[in-house]
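What follows is each chain in one-letter form.
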Amino acid sequence: MQPPDVVHMTAHEARGLLDRGEVSSVELTQAVLDRIHEVEDKVKAFVTVTDELALEQARRADERIASGDAQPLTGVPMQLKDNMCTRGVATTCSSRMLQNFVPTYSATVTRRLYEQGAVLMGKGNLDEFAMGSSTENSGFFPTRNPWDLERVPGGSSGGPAAAVAAGECVYSLGSDTGGSVRQPAALCGVVGMKPTYGVVSRYGLVAFASSLDQIGPITKDVTDCAIVLSAVAGHDPADSTSIRFDVPDYAAALKKDLSGLRIGVPEEYFIEGLEKGVEGAVRQAIDVLKDLGAEIQETSLPHTGYALAVYYILAPSEASANLARYDGVKYGYAAQDAGSMWDALEKTRQQGFGPEVKRRIMLGTYALSAGYHDAYYIKAQKVRTLIRQELQEAFTRFDALVMPTSPSVAFRLGDKMDDPVQMYLNDILTMPANIAGIPGISVPCGVVDGLPVGLQFMANAMGEETLLRVAYAYEQATQWHTLRPNL
Ligand code: GLN
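Because the structure is predicted, anything quoted here is derived from the model rather than measured.

Q: What is the right way to look at the sheet that holds strand β3 (residues 119-124) in this model?
A: To summarise the sheet geometry, strands pair through backbone hydrogen bonds and adopt either a parallel or an antiparallel arrangement. Pairing in this open sheet of eleven strands is mixed, and the strands run β1-β3-β2-β4-β6-β5-β10-β11-β9-β7-β8 from one edge to the other. Lying at the two open borders of the sheet, with one neighbouring strand each, are β1 (46-49) and β8 (295-299). Recorded for the sheet is a direction-independent mean angle of 25° between the axes of neighbouring strands. Across three bridges, the pairing between strand β5 (residues 191-194) and strand β10 (residues 440-448) is antiparallel. When the bridges of β10 are listed, Met193 appears paired with Ile441. Helix α7 (residues 222-232) rests against β4 (171-175), β5, β6 (215-219) and β10 of the sheet, and its axis sits at about 145° to β6. Sheet strands in contact with helix α12 (residues 373-397) are β7 (262-266), β8, β9 (400-404) and β11 (451-458), and its direction is about 115° off that of β9.

Right, dumping it as structure tokens:
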């Protein structure tokens, strides 16, 4: 038998092959492991590869398939970003602080995928504690973009996006606090979705900014995005912010026509500094939406311009509180050469955290400190409300909004590392969705100079089905999602 083409294979295609007995999960898993061993030296998308666990899970999946009990993701090889807890498998957040941390429990998303019979290939590299947009802040090594190894894959879920694009897994899960699923998906030419805040449980996701964090699928097409979302979404008693609702079969929402759908084009998202190639690809995509029957209308969301400032007050504030737990006592790295308790605490955090994480902690503690709390943190919360209200109002007029995912295509490694503000600007088009708690998706919409461009849609809270429907209709009318990098 021919080895399966794992570079292109989607979960729904794998399902067909597995159910018809044309390939076993063990064979598929072995093919993906071979692919990992072939390209991983170049891409570096994994912090940990779980060969043995994967083959063991694949054997069990084959038994389950044979007994007629297969679910949509049974036996399909996947990856998890390394900030999602996996019982018995190191969960490092790509930080020296958690380099040797092996959780005693699994995140709810991990558990739900395991219950479906999913096969874990390993843990995806990220910017340390998910802080960054290029995966260069990983405490271990940067991940490279499979389309051009001199360029970044985006971040912070750069490992997951690169692994999916390179065929080192069929799909992955990322976390998105300001754009960390959608932006790397755009830069690597794959699909990435941030669901509504509360749709996917955060239990067992190592916290960065708890009011913004949300887990989402990174997949090769929109159908897989719907399938993976159906598998992981839903209320979880272990996460008090998770929403009580009946999880729909998201794949049933996928339709090829958009007649009657009202889509807004907010002018503020076509910012100065948007690369010409990106703008061109997005404008062309909007014409495709028109041809599919959507009613396209320009609109204005004037508060958009404040989103970046609000985000860089709130996210570091929450991070500074969440990261206080790394004290060298409870878990993680502990400095050994300390004289006193305070000395131990100081050295642990000095040695365990990288420069960007320290910068966030300092920004956050400053914004929360007694004299500045009202001027920064409270003010940012107020502006957050205005941004949310403005978006809510827009969704009385529109079913969805369309815009670019990222202002640029993948940039070169090292290009933005000396200038944090340049780096922060990468997420300017994605973070409003986190601030408002609404869902967003990025789908491939072009290739400029050999590098992928992402098209973003946003919808109202709980509008996942609308979002998937527009993204699917666009995808099916174009060929962009079928392109893979030549590695
Ligand atoms: N790039 C943004 C940041 O550094 C967003 C990161 C994310 O979504 N995790 O905070």
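On we go.
Q: Before we go on, may I ask you to explain the side chain of Thr348 in this structure?
A: Among the structural elements, Thr348 can be located in helix α10 (residues 341-352). Among the polar contacts listed, one links the side chain of Thr348 to the backbone oxygen of Ala344, at a separation of 2.7 Å. Beyond its immediate stretch of four places on either side in the chain, Thr348 contacts Met97, Asp327, Gly328, Tyr333, Ala334 and Ala335.

Q: Mind showing me how you'd approach the pairing of β4 here?
A: A regular strand places its side chains on the two faces of the sheet in alternate fashion. Buried residues dominate β4, accounting for five of its five residues. Alternating residues of β4 divide into Tyr171, Leu173 and Ser175 and Ser172 and Gly174, and every residue in both groups is buried. Bridge analysis of strand β2 (residues 77-81) against β4 gives three bridges, and the strand direction is parallel. Considered in β4, the bridge of Gln79 is made with Ser172. Relative to β6, β4 is paired through four bridges, and the arrangement is antiparallel.

Q: What's the story with the side chain of Thr92 in this structure? I'm lost.
A: Inspection of the secondary structure puts Thr92 in the loop between β2 and α4 (108-116). Look at Thr92 and you get buried, because its relative accessible area is 3%. Of the polar contacts made by the side chain of Thr92, one reaches the side chain of Asp82; its length is 2.6 Å. If we ignore the near neighbours within four places in the chain, the residues touching Thr92 are Val47, Asp82, Leu98, Gln99 and Phe140.

Definitions and limits used
- Counting of residues starts from 1 at the beginning of each chain's written sequence and follows it residue by residue.
- In keeping with the model being predicted, local features are shown solely for residues with a pLDDT of at least 70 and side-chain atom pairs are shown and tallied solely at 80 or more, while totals for entire chains, interfaces and linings include all residues.
- Hydrogens and waters are ignored; side-chain quantities use all the structure's heavy atoms.
- Any two strands are treated as partners once DSSP identifies two or more bridges connecting them.
- Segments assigned H or I by DSSP are reported as helices when at least four residues long, segments assigned E as strands when at least two residues long, and all are numbered from the N terminus.
- Simply put, an axis is a line fit to the C-alpha atoms, just over the touching stretch for a helix, and the angle between two N-to-C directions goes from 0 to 180 degrees.
- Whether two residues touch is decided by their heavy atoms; if any such pair falls within 4.5 Å, the residues are in contact.
- Two N or O atoms form a polar contact when they lie within 3.5 Å of each other; inside protein one atom must be a possible hydrogen donor and the other a possible acceptor, and for residues adjacent in sequence the pair counts only when both atoms belong to side chains.
- Partly exposed describes any residue whose relative accessible area lies between the buried limit of under 20% and the exposed limit of over 50%, with all areas from a 1.4 Å probe on protein chains only and scaled to the type maximum.

Functional significance is not addressed by these values, which are geometric in nature.
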